[in-house]
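Here is what each chain is made of, one letter per residue.
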Amino acid sequence: MKVWSNEVEARDKIKELVAQYYHDFKENKTEFQPGDRINYAARVFDEREMCALTDATLDFWLTTGRFADQFEKEFAKWIGVKYAHLVNSGSSANLLAFMILTAPELGERQIKRGDEVITVACGFPTTVTPILQYGAVPVFVDVTVPQYNIDVRMLEKALSPKTKAVMIAHTLGNPFDLSAVKSFCDAHRLWLVEDNCDALGSEYTINGETRFTGTWGDIATSSFYPPHHMTMGEGGCVYTNDPQLNQLVLSYRDWGRDCICPSGHDNFCGHRFDGQYGLLPKGYDHKYVYSHFGYNLKVTDMQAAIGCEQLKKFPSFIQRRRHNWERLRERLDTLSDRLILPEAATNSRPSWFGFLISVKPDSGLDRNTMTRYIEERNIQTRLLFSGNLIKHPCFDDIRGTDAYRVVGNLSNTDFIMENTFWVGVYPGMTDEMIDYMAEVITEAAQQ
């Protein structure tokens, strides 16, 4: 039996074997053939992610640790914010981003039960769920086609004395009109929460300044679920430039505690036993003082280790997504008399999550017939998430109540629910796969 001279030698050998395992059993070595399965999204990784995961596993530090610290610092620097904190999913990130805005420390800007948050019904439910679960009131407005984002003409109409925030997503990588939404929020002193889960790497320009989406609002979220722009398996992130919001993120994420000591460190602040908090006895252990009703939403270090390697690849992922989207758009352009093809928002450079297609009402085509044809040829399709969220069973018990408001009609939202689908453009797709998808979609539109 091999006896290692030291731990470093042992780790290096183990990771060498893991790398070999990847090349022997996980690396894709087959060329695409028409009819092969094309998923709407998939993990793109190599031996480096598997070796990083192995490294973290050998640490056996099962909660947030050195890899999480590394990722948070590198991610914050890359996207251009002061603070970034990992959580266990994008949905948890949305929950956290909303719930910190209910903290009493925020004074008159605190979101209280009954206060209103402007949003849309066309999107993923967990952008809206935290608002309803807390007892605030989502105010739904319509979206535009073919951008599939909030109709900013409805913002002033949705405003009321109870409005405290706007919380919306950048749809499938296409930024919403950040210039208009940010101006509206600034003018009325409203919080802007950017759900950036489907748009990591997208860029937007205001007054000549270009930034990544997720850095224009007060706080933003990302998801690292396997289909997303980069992955940790499960995982998400909350990020901000606001120091007060940053402290609240740490508290609400970590059980609601008042203490800021990192995991595994005691008396980080030097005042563990000399404070007075609430009605507790003076000197009560600060590690067990809770200033908020919080959660445990931390990520594991194994997940973060994967993320550290994914982040190194991420610029190439963005580039490939744009290439795939543009190639597919060019090849489907001849169908513009039958299909509504997507358009990038003005002043934006999207990092596309998917390619949205809507069937024109007067085309004689049926969305479900098209998607069935495409799926039968082994190409995955997806609808635009909830379509119209307020028509789902989860709204049955509150439909028609004052738990939410609708401003104007949601005609485009309903149109999307009936007529829209999307296919993937993830970086693992080759030109041959994109061309085959275009061929099949063209056939489906000509049936």
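Since the structure is predicted, the reported quantities are computational estimates derived from the model, not experimental observations.

So, the overall build of the protein chain
Moving on, step 1. The number of helices and strands found in the protein chain is twelve helices and 14 strands.
Moving on, step 2. Referenced to the eigenvectors of the C-alpha coordinate spread, the extents of the protein chain come out at roughly 75 × 70 × 45 Å.
Moving on, step 3. Burial analysis of the protein chain (447 residues in total) assigns 54% to the buried set.
Moving on, step 4. Of the contacts made within the protein chain by residues no fewer than 6 positions apart, 74% connect residues no fewer than 24 positions apart.
Moving on, step 5. Surface accessibility of the protein chain: about 20,200 Å² in total, with carbon and sulfur atoms responsible for 51%.
Moving on, step 6. Charge separation in the protein chain, taken as the distance between the mean sites of 47 positive and 59 negative side-chain charges, equals 2 Å.

Digging into the packing of aromatic side chains
Moving on, step 1. Summed over the entire model, instances satisfying the criterion amount to 21 aromatic pairs.
Moving on, step 2. Aromatic pair Tyr40 and Trp422: ring centres 5.3 Å apart, planes at 90°, arrangement edge-to-face. With Tyr40 in the loop between α1 (7-26) and α2 (47-59) and Trp422 in strand β14 (residues 420-424), the pair connects residues that are 382 residues apart, well separated along the chain. The burial state of Tyr40 is the same as that of Trp422; both residues are buried.
Moving on, step 3. On the basis of an interplanar angle of 75° and a centroid distance of 5.3 Å, the ring pair of Trp78 and Phe314 is categorised as edge-to-face. Of this pair, Trp78 sits in helix α3 (residues 66-79) while Phe314 is found in helix α9 (residues 301-331), placing the two residues 236 residues apart along the sequence.
Moving on, step 4. Phe314 sits in the buried class, given a relative accessible area of 1%.
Moving on, step 5. Among the aromatic side chains, those forming a connected cluster through ring pairs are Phe71, Phe75, Trp78, Phe212, Phe224, Tyr239, Phe314 and Phe317.
Moving on, step 6. It is Arg109 that lies over the ring of Trp191; its NZ or CZ is 3.7 Å from the centre.

Notes on the nonpolar core
Moving on, step 1. Among the nonpolar cores identified, the biggest contains 34 residues, and Ile118, Val141, Ile150, Val166 and Val181 are the most heavily contacted of them.
Moving on, step 2. Sorting elements by how many residues they give to this core places helix α7 (residues 178-188) first, with four residues.
Moving on, step 3. Not counting the four nearest positions on each side in its chain, Ile118 is found in contact with Val139, Val141, Ile150, Leu155, Ala158, Leu159, Thr163, Ala165, Val166, Met167, Ile168 and Phe184.
Moving on, step 4. Grouped together as the second largest cluster of nonpolar side chains are 31 residues, Leu339, Phe421, Tyr436 and Ile441 included.

As for the sheet that holds strand β2 (residues 116-120)
Hydrogen bonding along the main chain pairs the strands of a sheet, whether they run parallel or antiparallel.
Moving on, step 1. Taking strand neighbours across the sheet as the criterion, the eight strands line up as β1-β9-β8-β5-β4-β2-β3-β13 in an open arrangement whose pairing is mixed. On the outer flanks of this sheet lie β1 (83-87) and β13 (405-406), each paired with one strand and no other.
Moving on, step 2. Taken together, the five bridges between β1 and strand β9 (residues 236-240) define a ladder with antiparallel strand orientation. Across the sheet, the residue bridging to Leu86 is Cys237, located in β9.
Moving on, step 3. Relative to strand β8 (residues 219-223), helix α4 (residues 90-99) is tilted by about 165°, and along the sheet it contacts β1, β2, β4 (163-169), β5 (191-195), β8 and β9.
Moving on, step 4. Running at roughly 15° to β1, helix α8 (residues 243-253) makes contact with β1, β5, β8 and β9 of the sheet.

Digging into the packing of α3 against α9
Moving on, step 1. Contact geometry for α3 and α9: axes closest at 7 Å, N-to-C directions at 25°. It follows from the interaxial angle that α3 and α9 lie roughly parallel. Between α3 and α9 lies a crossing whose hand is left-handed. Here α3 contributes Arg66, Phe67, Ala68, Gln70, Phe71, Glu74, Phe75 and Trp78 to the contact with α9, which in turn contributes Asp301, Ala304, Ala305, Gly307, Cys308, Leu311, Phe314, Pro315 and Ile318.
Moving on, step 2. Residue classes in the contact of α3 with α9 are distributed as twelve nonpolar, two polar and three charged.

Some remarks on the side chain of Ser202
Moving on, step 1. Take Ser202: it is sitting in the loop between β5 and β6 (203-206).
Moving on, step 2. Polar contacts involving the side chain of Ser202 include one to the main-chain carbonyl oxygen of Gly173, which spans 2.7 Å.
Moving on, step 3. In this view, Ser202 contacts Gly173, Pro175, Arg211, Phe212, Thr213, Arg349, Pro350 and Ser351; residues no more than four positions away in its chain are not counted.

Some remarks on helix α11 (residues 411-419)
Think of an α-helix as 3.6 residues a turn; residues three or four steps apart then line up on the same face.
Moving on, step 1. Of all the positions in α11, only Thr413, Phe415, Ile416 and Asn419 are classed as buried. Buried residues in α11, looked at end-on, bunch into an arc of 160°, giving them a common side.
Moving on, step 2. Considering only its buried residues, α11 is in contact with β10 (339-340), β12 (354-359), α10 (367-376) and β14.

Structural notes on the pairing of strand β3 (residues 137-141)
Moving on, step 1. With respect to burial, β3 is a largely interior element, five of its five residues being buried.
Moving on, step 2. Side chains of β3 alternate between two faces, with Val137, Val139 and Val141 and Pro138 and Phe140 buried alike.
Moving on, step 3. Sheet topology places β2 next to β3; five bridges connect them, and they run parallel. Paired with Val117 across the strands is Pro138, a residue of β3.
Moving on, step 4. You can see the chain leave β2, run along helix α5 (residues 129-134) and come back into β3, and the turn it takes is right-handed.

What counts and what doesn't
Residues numbered from 1 in each chain as written. Predicted model: local features only at pLDDT ≥ 70, side-chain atom pairs only at ≥ 80, totals over all residues. Heavy atoms only, no water. Helix = DSSP H or I, 4+ residues; strand = E, 2+ residues; numbered from the N terminus. Buried < 20%, exposed > 50% of the residue type's maximum accessible area, 1.4 Å probe, protein only. Contact = heavy atoms within 4.5 Å. Areas by Shrake-Rupley, 256 points an atom, 1.4 Å probe, with all protein chains shown as cover. Lys, Arg positive; Asp, Glu negative; His and termini not counted. Charge placed at Lys NZ, Arg CZ, Asp CG, Glu CD. Phe/Tyr/Trp six-rings, centres within 6.5 Å; stacked < 30°, edge-to-face > 60°. Lys NZ or Arg CZ within 6 Å of the ring centre and 35° of its normal. Core = buried A, V, L, I, M, F, W, Y, C linked by side-chain atoms within 4.5 Å. Pairing = 2+ DSSP bridges. Axes fitted to C-alpha atoms, helices over the stretch in contact; angles between N-to-C directions. Parallel < 35°, antiparallel > 145°, perpendicular 65-115°, else oblique. Left-handed = near helix turned anticlockwise from the far one by under 90°. Nonpolar A, V, L, I, M, F, W, Y, C, P; charged D, E, K, R; others polar. Polar contact = N/O pair within 3.5 Å; in protein donor to acceptor, adjacent residues only side chain to side chain. Arc of directions from axis to C-beta. Right-handed = clockwise from strand over helix to strand, strands pointing away.

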